[in-house]
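Structural description and commentary
One letter stands for each residue in the lines below.
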Amino acid sequence: MKKLRLPRKRVNLPITGVAESKHNAEYELTVVLRSCVNSFSISRQALVLPKITGCLPANTNNSLKLSIPNNIKLVDPYFYKRGKIDILIGADTYWEIMCNNIFKISPAGVYLQKTKLGWIVAGGTARGANIALSSCMLTCAERNNKLSEQIEMFWKTEECMIKENWSEEEKLCDEHFIQNTKRDENGKFIVKLPLKDNTFR
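This report concerns the structure included in the present document. (Residues numbered from 1 in each chain as written. Predicted model: local features only at pLDDT ≥ 70, side-chain atom pairs only at ≥ 80, totals over all residues. Heavy atoms only, no water.)

Examining the nonpolar core
Taken as a class, soluble globular proteins show a tendency for nonpolar side chains to be buried jointly. Within the largest apolar cluster, nine residues are counted, these being Leu 64, Ile 68, Ile 72, Leu 74, Phe 79, Tyr 80, Val 110, Leu 112 and Trp 119. In contact with Leu 74, not counting residues within four places along its chain, are Val 37, Ile 68, Phe 79, Leu 112, Trp 119, Ile 120 and Val 121. (Core = buried A, V, L, I, M, F, W, Y, C linked by side-chain atoms within 4.5 Å. Buried < 20%, exposed > 50% of the residue type's maximum accessible area, 1.4 Å probe, protein only. Contact = heavy atoms within 4.5 Å.)

What about the pairing of strand β4 (residues 98–106)?
Looking at chain direction, β4 and strand β5 (residues 110–115) are connected through five bridges and run antiparallel. Note on β5: the bridge partner recorded for Met 98 is Thr 115. Linking β4 back to β5 in an antiparallel pair, the connection comprises three residues, with Gly 109 at a positive phi of about 100°. (Pairing = 2+ DSSP bridges. Helix = DSSP H or I, 4+ residues; strand = E, 2+ residues; numbered from the N terminus.)

As for a nonpolar patch on the surface
On the surface, a nonpolar cluster with roughly 560 Å² of combined accessible area is contributed by Ile 52, Ile 87, Leu 88, Ile 89, Tyr 94 and Trp 95. By secondary structure assignment, the location of Trp 95 is in helix α1 (residues 91–97). On the basis of relative accessible area, Trp 95 is assigned to the exposed category, the value being 64%. (Patch = residues over 30% accessible without salt bridge, like charges linked within 9 Å, V, L, I, M, F, W, Y side chains within 5 Å. Areas by Shrake-Rupley, 256 points an atom, 1.4 Å probe, with all protein chains shown as cover. Salt bridge = Lys/Arg side-chain N within 4 Å of Asp/Glu carboxyl O.)

Notes on the pattern of salt bridges
Here the structure, examined in full by the defined rule, presents four salt bridges. A salt bridge links Glu 26 to Arg 10, with the shortest nitrogen-to-oxygen separation between them at 3.8 Å. Highlighted residues: Glu 26 in strand β2 (residues 22–34) and Arg 10 in strand β1 (residues 9–16), separated in sequence by 16 residues. For Glu 26, a relative accessible area of 43% puts it in the partly exposed group. Note that Lys 171 and Glu 168 form a salt bridge whose closest N and O atoms lie 3.8 Å from each other.

Concerning the side chain of Gln 113
Looking at the secondary structure, you find Gln 113 in strand β5. Its relative accessible area of 11% is what places Gln 113 among the buried residues. A distance of 2.7 Å separates a polar side-chain atom of Gln 113 from the backbone oxygen of Cys 99. (Polar contact = N/O pair within 3.5 Å; in protein donor to acceptor, adjacent residues only side chain to side chain.)

Details of the environment of Val 121
You can see Val 121 is positioned in strand β6 (residues 118–123). Along the chain, Val 121 and Lys 65 lie 56 residues apart, while their C-alpha atoms are 9.8 Å from each other. Ignoring anything within four residues of it in the chain, the contact list for Val 121 reads Ile 68, Leu 74, Phe 79, Val 110, Tyr 111 and Leu 112.

This is how it looks when you write it as structure tokens:
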């Protein structure tokens, strides 16, 4: 979100994952997923979390890239390198972008899967590799639209808006407040009431 500088809105949606791990998504935004290898694109609402998961795959496996045919255009050419995960696609979008073509390229269960975004690599890792951890990407968002709208209204009410272009009257009111507001020895505020005259007309 910070990298793309996309506009966001406040929400309060609980996200449940494996072993009933729970997190709250505080922001929602609109993203457009565009293919790097063709003209396909799709727009979706996305929830913002501090972190989706740890770096994947668990280990960099350079041998996997040798199994990819030269005519295959991958969505992620560096799939075999351990790295950060930027986005997790939901099941509704997953089935919309999947195509029928799928090929097994490794006895360990590594597959080439065609999608509308391009080809992806899915499945297990090479046999005999030292795996430090297993990853599961199952999450569930419990959406309550009425509650989300109420919380969004609350944040809009509480949010401090900085106004840059003040009218002459607003500038005079601000100056009056600064010059004529003070506190006495008991901590009470003493304010001189402004009188509207021809200055504002």
